[in-house]
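Here is what each chain is made of, one letter per residue.
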Amino acid sequence: MAANGHPPSFFENVNINFDKAAAYTNHPQGLLDQVKICNSVYQFQFPIQVEDGYEVISAWRVEHSHHKLPTKGGIRYSEDVNEDEVKALAALMTYKCAIVDVPFGGAKGGIKIDPKKYSVHQLQKITRRYTAELVKKNFIGPGIDVPAPDYGTGEREMAWIVDTYMAFNSGSIDGQACVTGKPITQGGIRGRREATGRGVFFGIREACANAEDMKALGLKPGLEGKRVVVQGLGNVGYHAAKFLQEGGCLIVGLAEYEGAIYNLKGLDVEAVVKHRKETRSILNFPGATNMASTAEALELDCDILVPAALESVITKENAPRIKAKIIGEGANGPTTAEAGEILNRKGTMVIPDMYLNAGGVTVSYFEWLKNLQHVRMGRMAKRFTETSFDQLIATLEQKTGKMFLEDERKKLTHGPDEIDLVNSGLEDTMIVAYNEIRERKMTVGCDDLRTAAFVSSIDKIAHSYIELGIFP
Ligand code: NAD
């Protein structure tokens, strides 16, 4: 309970988790305060023309930490956007970037609209005006602050943003790096669309690979046959569900805002998405049982629960009823601090958002690098690698007198394309960061991965400030 008697807000929840972890560090309070606060908060309004007149739109951009520049974070379109939420999400971005060693400070943006209520033309006007406001106040730029997609936004909005930014900065050689998550034709990178969900998959796979940790949860190591429930079938949830299914999991429950479905024999993710597109609802999927509310799905009997929609869906009310042994936080802030404590006491493994959904910002970092380098990853090395491996195979064949099959030769001599490099860079990042957090949990002696992740990122950010000479 917060001091005002209300449940803690989203940003307060982030800071409760921060304070818990800060107690495991020995940084001075002033330095911890600097790490925790939001450096810049820009709140603004602008009018747009609608059918019957004008409407004033509220928007935010928050840069949480300038210890590294540019700052980075998505833009959310939702009726629920408010300053507290944007600050919380910006703070999470700072900690997230530190965990996966992406050299950015955290930021976040939000526009308080329900995008479903506007035409594409109106959404374009809103996005372009929002970008112009950021340009005016120096809140966007390749070395300043670099937005990306989040809830309610995607490649289309990012294309409008880069186009508007370039209109204000014509001739800027690095201008494309002002935003990530763009379509490939506009300077985007292959693999960004599915990066967050793929990262969720890599993170859960790494956690499940540890035999000791799985034994403690009463589970077998590996993904094979693990029963999974996913809430939210958007960018993050859909891709996470798809990769987990491909990795051997049984998707037993899927939840959207209109309701949820389950089938203990497993649901085919692609078929459910097709059904939802055709009928405009997830409900009544052949062979599955309907659940009236999405919240109920969180309490289904399963091994892994992936909340991938919005924040604060696991609270102190429903936490005691959650049966999953592992919660993989695809969304930002799905578990309140109080719920987190209940889950810790129950022995549930919570793989925290600030690590698990960092795949998006990791590949956004690759996109930013691509834009600054002005060359597609793999372009310089692909042919050279293929020729070298070809020569190696030919020499092996000559020395051994045995010939490789055509398929084997093709596989062995494949030079990396952009997508290969992106996915392998993402996989490595997620594996290294998971093991760093797990080891930190053991050395620090805390009871959960979230606290360990916070300790690790607080240390990294604090050292940045010390190295900048701002703190002794
Ligand atoms: P999205 O807009 O693509 O998808 C969100 C989905 O959740 C939609 O299909 C929506 O209908 C559904 N939804 C809304 N309310 C729901 C409810 N009550 N129950 C069930 N489903 C509901 O958004 P996204 O980009 O997938 O983001 C989802 C979460 O992941 C957010 O918390 C976001 O901050 C976080 N995240 C996104 C990215 C990214 O790269 N897109 C990166 C990191 C974190």
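Refer to the structure presented above.
(A) Examining helix H6 (residues 195-209) more closely. Helix length check: H6 (15 residues) gives 21 Å between terminal C-alpha atoms against 21 Å at 1.5 Å per residue, within 8%. Counting buried residues along H6, 13 of its 15 residues qualify, which places the element largely inside the surrounding structure.

(B) Quick peek at the packing of H6 against helix H13 (residues 359-373). Two elements in contact, H6 and H13, have axes whose closest approach is 7 Å; the angle formed by their N-to-C orientations is 125°. Here H6 lies oblique to H13, going by the angle between them. Classified by chirality, the crossing of H13 by H6 is right-handed. From H6, Ala195, Thr196 and Gly199 reach across to H13, where they touch Gly359, Gly360 and Val363. When the residues that make up the contact of H6 with H13 are grouped by side-chain class, the tally is two nonpolar, four polar and no charged.

(C) Here's a closer look at the packing of H6 against helix H16 (residues 418-444). H16 packs onto H6 with a crossing angle of 45° between their chain directions and a minimal axis gap of 9 Å. Regarding the angle of H6 to H16, the classification is oblique. In this structure, H6 meets H16 at a crossing whose hand is right-handed. On H16, the residues that touch Ala195, Arg198, Gly199, Phe202, Gly203, Arg205, Glu206 and Ala207 of H6 are Asn423, Leu426, Glu427, Met430, Ile431, Tyr434 and Asn435. Of the residues contributing to the contact of H6 with H16, the split by class is seven nonpolar, four polar and four charged.

(D) The sheet that holds strand E4 (residues 105-111), seen in detail. Spatially, five strands are ordered E1-E2-E4-E3-E5 in an open sheet, and the strand pairing comes out mixed. With one partner strand each, in any of the chains shown, strand E1 (40-50) and strand E5 (145-149) form the two edges of the open sheet. For this sheet, the mean angle separating the axes of adjacent strands, direction not counted, is 25°. Examined bridge by bridge, strand E3 (residues 71-77) and E5 share five bridges and lie parallel to one another. Each bridged residue has a counterpart across the sheet, and for Ile75 the counterpart in E5 is Pro149.

(E) Structural detail: the packing of aromatic side chains. Within the structure shown, the criterion is met by 14 aromatic pairs. With a centroid separation of 5.0 Å and 85° between ring planes, the pair formed by Phe104 and Trp368 is classed as edge-to-face. With Phe104 in the loop between helix H3 (83-99) and E4 and Trp368 in helix H13, the pair connects residues that are 264 residues apart, well separated along the chain. Neither residue differs from the other here; Phe104 and Trp368 are each classed as buried. Residues Phe201 and Phe243 carry aromatic rings whose centres are separated by 6.4 Å and whose planes lie at 40° to one another, so their mutual orientation is tilted. Here the residue Phe201 occupies a position in helix H6, and Phe243 occupies one in helix H8 (residues 235-246), the gap between them amounting to 42 residues. In terms of burial, Phe201 and Phe243 fall into one category: buried. By way of ring pairs, the aromatic residues Tyr42, Phe44, Phe46, Tyr130 and Phe139 are connected into one cluster.

(F) Local environment of the sheet that holds strand E12 (residues 349-351). Sheet architecture is open: seven strands sit in the order E9-E8-E7-E6-E10-E11-E12, paired in mixed fashion. The strands lining the two open edges of the sheet, one partner per strand, are strand E9 (289-291) and E12. The sheet shows a mean angle of 20° between the axes of neighbouring strands, taken without regard to direction. Here strand E11 (residues 326-328) pairs with E12 via three bridges, running parallel. From the neighbouring strand, Gly328 faces E12, where its bridge partner is Ile351. Helix-sheet contacts for H8 involve strand E6 (227-231), strand E7 (250-256) and strand E10 (304-307), and the interaxial angle to E7 is about 170°.

(G) Here's a closer look at the site of the ligand. Looking at the ligand, there are 22 residues lining it, with Arg76, Asp150, Thr196, Glu256 and Asn332 nearest. Interatomic distance of 2.8 Å between a side-chain N/O atom of Arg76 and an oxygen atom of the ligand. Between the ligand and the protein, one listed contact pairs an oxygen atom with a backbone N or O atom of Asn235 at 2.9 Å. In the complex, 87% of the free accessible area of the ligand, which totals 820 Å², lies under the protein chains. Listed by contribution, the elements that provide at least two residues to the shell around the ligand are H8 and E7. Two domains each donate at least three residues to the shell around the ligand, and these are domain 1 (39-186) and domain 2 (195-356).

(H) Examining the pattern of salt bridges more closely. The final tally for this structure, using the stated rule, is 36 salt bridges. Among the ionic pairs, Asp447 bridges to Lys20, the shortest N-O distance being 3.3 Å. Residue Asp447 is found in the loop between H16 and helix H17 (449-467), and its partner Lys20 is found in helix H1 (residues 10-22); the two are separated by 427 residues along the sequence. What makes Lys20 partly exposed here is its relative accessible area of 22%. As a salt-bridge pair, Arg129 and Glu133 come within 2.9 Å of each other at their nearest N and O atoms. With Arg129 and Glu133 both in helix H4 (residues 120-136) and four residues apart, this pair spans about one turn of that helix. The exposure class assigned to Glu133 is buried, which follows from its relative accessible area of 7%. Here the salt bridges share partners, and the residues they tie into one network are Arg76, Glu85, Lys108, Asp150 and Glu311.

(I) Molecular detail of the nonpolar core. One finds Ile204 and Leu254 to be the most contacted residues of the largest nonpolar core, which totals 94 residues. Per element, the largest residue contribution to this core is 11 residues, and it comes from H3. With residues up to four places along the chain from it excluded, the contact list for Ile204 reads Leu223, Leu244, Ile304, Val306, Gly328, Ile351 and Leu356. Ile48, Leu123, Val135 and Met158 belong to the second-largest nonpolar core, a separate cluster that totals 26 residues.

Calculation rules
- Every chain begins its residue count from 1, and numbering advances along the sequence as written.
- At least 70 in pLDDT is required for a residue's local features to be given in this predicted model, at least 80 for side-chain atom pairs to be given and counted, and no such filter applies to totals for whole chains, interfaces and linings, which use all residues.
- Heavy atoms throughout the structure, all of them, feed into the side-chain values; hydrogens and water do not.
- Put simply, DSSP H or I for four residues or longer makes a helix, DSSP E for two residues or longer makes a strand, and each gets a number counted from the N terminus.
- Expected helix span is taken as 1.5 Å per residue step, with the number of steps being one fewer than the number of residues.
- Relative accessible area decides the class of each residue, using a 1.4 Å probe on protein chains only: under 20% of the type maximum gives buried, over 50% gives exposed, and in between gives partly exposed.
- To obtain each axis, a line is fitted to C-alpha atoms, and for helices this fit is confined to the stretch in contact; angles are then taken between N-to-C directions over 0 to 180 degrees.
- If an angle is under 35 degrees, it is roughly parallel; if it is over 145, roughly antiparallel; if it lies from 65 to 115, roughly perpendicular; otherwise it is oblique.
- In a left-handed crossing the near helix is turned counterclockwise from the far helix by less than a right angle, and in a right-handed crossing that turn is clockwise.
- Every residue pair with non-hydrogen atoms within 4.5 Å of one another is taken to be in contact.
- All residues other than Ala, Val, Leu, Ile, Met, Phe, Trp, Tyr, Cys, Pro, Asp, Glu, Lys and Arg, Gly among them, are scored as polar; the first ten of these are nonpolar and the last four charged.
- At least two bridges found by DSSP between two strands is the condition for calling them paired.
- Aromatic pairs are defined between Phe, Tyr and Trp rings, using the six-membered ring for Trp, whenever the two ring centres lie within 6.5 Å; interplanar angles under 30 degrees are classed as stacked, those over 60 as edge-to-face, and all others as tilted.
- Nearness is judged by heavy atoms alone; a residue qualifies as near a molecule or strand once a single heavy atom is within 4 Å of it.
- Within 3.5 Å is the distance limit for a polar contact, defined as a pair of N or O atoms, with the added protein rule that one can donate a hydrogen and the other accept it, and that residues adjacent in sequence qualify only through two side-chain atoms.
- Note on areas: these come from Shrake-Rupley sampling with a 1.4 Å probe, and a residue is covered only by the protein chains present in the view.
- Residue ranges for the domains trace back to a domain assignment, done automatically or taken from a database.
- Only one rule defines a salt bridge in this text: a Lys or Arg side-chain nitrogen within 4 Å of an Asp or Glu carboxyl oxygen.
- As used here, the term nonpolar core means buried Ala, Val, Leu, Ile, Met, Phe, Trp, Tyr and Cys residues forming a set that is joined through side-chain atoms within 4.5 Å.

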